Amino acid sequence: MPQDIKGWDRNQMAARAAEELEDGMYVNLGIGIPTLVANYVGDKDITLQSENGMLGMGPFPFEGEEDPDLINAGKQTITELRRTAYFDSATSFAMIRGGKIAAAILGAMEVDEKGDLANWMIPGKLVKGMGGAMDLVAGVGRVIVVMDHTNKHGDSKVLQECTLPLTGQGVVDRIITNLGVLDVVEGGLKIVDLADGVSEDEMRAATQATIVG
Amino acid sequence: MKKVYANANEALDGVLSDGMLIAAGGFGLCGIPELLLEAIKEAGVQNLTFVSNNAGVDDFGIGILLQTRQVKRMISSYVGENAEFMRQYLSGELELEFNPQGTLAERMRAGGAGIPGFYTKTGVGTVIAEGKEHKDFNGETYIMEEGIFADLAIVKAWKADETGNLIFRKTARNFNVPAATCGKICVAEVEEIVPTGSLDPDAIHLPGIYVHRLVQGQHEKRIEQRTIRKKEDA
């Protein structure tokens, strides 16, 4: 990680995101930093959904115990738990669309002050597809974005208005970055928490979106 | 009525035609109808449209039909694992329609359930919503998506009885159930066909009414991302 990036590292962001989860929740974790959130849930009784058709996702298998019939939505080999249930893709997205999943924790390319989220395509670049991201952000109870506050050029990813094609409109509830935690509220974003060693001025300077309160 | 065929080629005999719409089960390389895809390659039918969540990899799954240029159009949610797919798409040889994954699954389910259209919040305010009917219900905006009615469905299950009742295994169920239901004809390949009466009727995942032809065979079941943990981490 470049030295000029302040605040939390990937694991600290994941640990902060894990604080959002409450006992008994069914949760969907995206690829990247969100996957690390599972390492920080502690004693909380959390059931992970994998949208290819599983509730109760377990850890990676030991070598030699991989099962080609048992993968997560990132196509990685995983294991089942005592509580695991399997189902088809239509049922999986019925529970997502139907609001049964309490929260999704996802990465993003851009988020804006209206809660718009862009995380699936960059015009002019190779587009792989949105997978289940549009369904998740439209359907789950609470959408929490975990991402770096700025891109590799130092530009803010927390904007007044997303410039990239959207994954969902007005869907984000909370944004967790290396600099701290922001909530989407009436009129803009509200600072909820600052990462260790990050001042409010630094948070405001790195945020292009309107900060209220 | 006899549903069991000797091999994948025979199971597809008489049901393939140029330009047809085929719904295929599978997620990534998990639970894909690998034997039937190979048989479609051998049959040589052209200008196919595939409704499938993914497009396989270069040399496995739907990828083998891209190598032979048998696919004209794909309807998928994520195609990132296939270099030949991307080459054909970027050169304009291959048409691609992205559907959100849950919308794709529901379009198949709806088609199989005789529902020509439905409303969903997924994609509202995005490029997916462009040109689609918008309608408000209880103050929220939804878009209309259409059911998929495929000419043929090809799916992969774990076990079948001779009447076509199917049981899937773990996450290999995925799109196989909705895909099977949306085909005018459904051909299923399985790892084992057991005598009728030996499956628990309460444990059937897909009733045989949806399955017209069956074939048993050996599956490679390739793993796309082999991830493991060390014993000492446990």
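Description of the structure in this document.

Parameters at a glance
- Residues numbered from 1 in each chain as written.
- Chains lettered and ligands numbered in written order.
- Predicted model: local features only at pLDDT ≥ 70, side-chain atom pairs only at ≥ 80, totals over all residues.
- Heavy atoms only, no water.
- Axes fitted to C-alpha atoms, helices over the stretch in contact; angles between N-to-C directions.
- Helix = DSSP H or I, 4+ residues; strand = E, 2+ residues; numbered from the N terminus.
- Parallel < 35°, antiparallel > 145°, perpendicular 65-115°, else oblique.
- Left-handed = near helix turned anticlockwise from the far one by under 90°.
- Contact = heavy atoms within 4.5 Å.
- Nonpolar A, V, L, I, M, F, W, Y, C, P; charged D, E, K, R; others polar.
- Polar contact = N/O pair within 3.5 Å; in protein donor to acceptor, adjacent residues only side chain to side chain.
- Buried area = accessible area lost by both parts, 1.4 Å probe.
- Salt bridge = Lys/Arg side-chain N within 4 Å of Asp/Glu carboxyl O.
- Expected span 1.5 Å × (residues − 1).
- Buried < 20%, exposed > 50% of the residue type's maximum accessible area, 1.4 Å probe, protein only.
- Pairing = 2+ DSSP bridges.
- Patch = residues over 30% accessible without salt bridge, like charges linked within 9 Å, V, L, I, M, F, W, Y side chains within 5 Å.
- Areas by Shrake-Rupley, 256 points an atom, 1.4 Å probe, with all protein chains shown as cover.

Another point: the packing of helix α3 (residues 89-97) of chain A against helix α5 (residues 101-112) of chain B. Axes are the key here: two packed helices are described by the angle between their axes and the distance separating the axes. Remark: α3 of chain A packs on α5 of chain B, axes separated minimally by 8 Å, with the N-to-C direction vectors making an angle of 120°. Regarding the angle of α3 of chain A to α5 of chain B, the classification is oblique. Regarding α3 of chain A and α5 of chain B, the two cross each other, and that crossing is left-handed. When α3 of chain A is examined against α5 of chain B, the residues S89, A90, F93 and R97 of chain A are found in contact with a partner set consisting of Q101, G102, T103, A105, E106 and R109 of chain B. Residues belonging to the contact of α3 of chain A with α5 of chain B are distributed by class as follows: three nonpolar, four polar and three charged.

All names here are of chain A. Inspection of the secondary structure assignment puts S92 in helix α3. A polar contact is formed between the side chain of S92 and the side chain of Q49, at a distance of 3.1 Å. Here S92 is in contact with Q49, S50, E51, N52, G53 and F87, once residues within four sequence places are set aside.

Opposite the 50 residues of chain B that make contact, chain A presents 45 residues. For the pair chain B and chain A, the two sides together bury roughly 4,200 Å², of which 61% comes from carbon and sulfur. Interface area lost by chain B to chain A is led by K170, T171 and R229 of chain B, which between them contribute 17%. Across the pair E81 of chain B and K75 of chain A runs a salt bridge whose closest N-O atoms are separated by 4.0 Å. Breaking the side of chain B that touches chain A down by element, the ones donating at least two residues are α4 (83-90), α5 and α6 (176-181) of chain B.

With that out of the way, let us pick up α5 of chain B. All names here are of chain B. Its 12 residues place the ends of α5 17 Å apart at the C-alpha level, agreeing with the 16 Å of an ideal helix rising 1.5 Å per residue. Of all the positions in α5, only Q101, G102, T103, L104, A105, E106, R107, M108, A110 and G111 are classed as buried. Phi turns positive one or two residues past the end of α5, at G114, with a value near 75°.

Attention now goes to the sheet that holds strand β6 (residues 110-112) of chain A. Residue and element names in this part refer to chain A. Within the open sheet, the three strands sit side by side as β7-β6-β9. Their pairing is mixed. Both outer strands of the open sheet, β7 (117-118) and β9 (158-159), are each paired with one neighbouring strand and no more. As paired elements, β6 and β9 share two bridges and run parallel to each other. Bridged to V111 within β9 is V158.

Right, let's talk about the pattern of salt bridges for a bit. Per the counting criterion, the structure on display carries 31 salt bridges over all chains. Close ionic contact of E140 of chain B with K121 of chain B constitutes a salt bridge, the shortest N to O distance being 3.8 Å. One end of the pair, E140 of chain B, is in strand β8 (residues 140-146); the other, K121 of chain B, is in the loop between β6 (117-120) and β7 (134-137), with 19 residues separating them in the sequence. Owing to a relative accessible area of 25%, K121 of chain B belongs among the partly exposed residues under this scheme. In the salt-bridge network here, residues are joined through shared partners; they are R16, E19, E20, R142, R174, D183 and D193 of chain A.

Judged by side-chain polarity, L126 of chain A together with Y89 and L90 of chain B come together as a nonpolar surface patch covering roughly 300 Å² of accessible area. Tracing the chain through its elements places Y89 of chain B in helix α4.

Take the pairing of β8 of chain B next. Residue and element names in this part refer to chain B. As paired elements, β6 and β8 share four bridges and run antiparallel to each other. Following the sheet pairing, Y119 is matched in β8 by M144. Where β7 lies against β8, four bridges are found, and the strand directions are antiparallel. Its bridge partner lying in β8, F137 is registered against E140. The turn joining β7 and β8, which pair antiparallel and follow one another in sequence, is formed by two residues; a positive phi near 50° is taken by N138.

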